[in-house]
Amino acid sequence: MERFCDIKQKEVVNIFDGRCIGHVFDLVIDCQCGTICAIIVPGCSKLRSCFFGGGDDIIIPWNKIVKIGEDVILVEMEGGRSIR
């Protein structure tokens with residue numbers, strides 16, 4: 001079992017292009033059944049917006065997570081920035 005503080009220290013990597021997407025910022029949780037629905041990685045459209053909290057967050061559904069390893073989280077993201 002992983003704790004959130006451990007998960008948010010891991011890099012999220014897309015298996016299709018090997019690109020590092022970022023680090024987990026938050027989780028989407030279904031409060032009725034207590035399951036994690038998605039992870040949220042902060043997105044940046046420009047370098048400046050990263051510093052000032054701009055950019056679209058990248059929401060990755062839990063079923064798109066391939067593997068949670070010791071250092072990285074591998075996800076499937078075909079051809080787009082965000083998966084909803």
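What to know about the overall build of the protein
Right, on to step 1. Assigned secondary structure in the protein consists of 2 helices and 7 strands.
Right, on to step 2. Listing the helices and strands of the protein from first to last along the sequence gives α-β-β-β-β-α-β-β-β.
Right, on to step 3. The buried share of the protein, taken over its 84 residues, is 29%.
Right, on to step 4. Looking at the protein alone, contacts between residues at least 24 apart form 33% of all its contacts between residues at least 6 apart.

Let's talk about the nonpolar core
Right, on to step 1. Val 12, Ile 21, Val 24, Ile 39, Ile 60, Ile 73 and Val 75 are the most contacted members of the largest nonpolar core, which has 13 residues in total.
Right, on to step 2. Elements represented by at least two residues in this core include exactly β4 (35-41), β5 (58-61) and β7 (72-75).

Points about the sheet that holds strand β2 (residues 20-23)
Right, on to step 1. The sheet built from 4 strands is open, its strands ordered β2-β1-β7-β6 with mixed pairing. Looking at strand neighbours, the two that pair on one side only are β2 and β6 (65-68), the edges of this open sheet. Averaged over all pairs of adjacent strands, the angle between their axes in this sheet comes to 25 degrees, without regard to strand direction.
Right, on to step 2. With 3 bridges connecting them, strand β1 (residues 11-14) and β2 associate as antiparallel partners. If you follow Glu 11 over to β2, its bridge partner there is His 23.

A few points about the pairing of β7
Right, on to step 1. Residue alternation in β7 divides its side chains into a buried set, Ile 73 and Val 75, and an unburied set, Val 72 and Leu 74.
Right, on to step 2. Where β1 lies against β7, 4 bridges are found, and the strand directions are parallel. When the bridges of β7 are listed, Val 12 appears paired with Ile 73.
Right, on to step 3. Summarising the sheet, β6 and β7 pair through 3 bridges and their orientation is antiparallel. Bridge assignment links Ile 65 to a residue of β7, and that residue is Val 75.

Description of the sheet that holds strand β3 (residues 26-30)
Right, on to step 1. Pairing is antiparallel in the open sheet, where 3 strands are placed in the order β3-β4-β5. With one partner strand each, in any of the chains shown, β3 and β5 form the two edges of the open sheet. Sheet twist, expressed as the average angle between the axes of neighbouring strands with direction ignored, equals 25 degrees.
Right, on to step 2. The sheet contact formed by β4 and β5 spans 4 bridges and is antiparallel.

Cut-offs applied
Residues numbered from 1 in each chain as written. Predicted model: local features only at pLDDT ≥ 70, side-chain atom pairs only at ≥ 80, totals over all residues. Heavy atoms only, no water. Helix = DSSP H or I, 4+ residues; strand = E, 2+ residues; numbered from the N terminus. Buried < 20%, exposed > 50% of the residue type's maximum accessible area, 1.4 Å probe, protein only. Contact = heavy atoms within 4.5 Å. Core = buried A, V, L, I, M, F, W, Y, C linked by side-chain atoms within 4.5 Å. Pairing = 2+ DSSP bridges. Axes fitted to C-alpha atoms, helices over the stretch in contact; angles between N-to-C directions.

Spatial relationships are all this shows, so hold off on functional conclusions.
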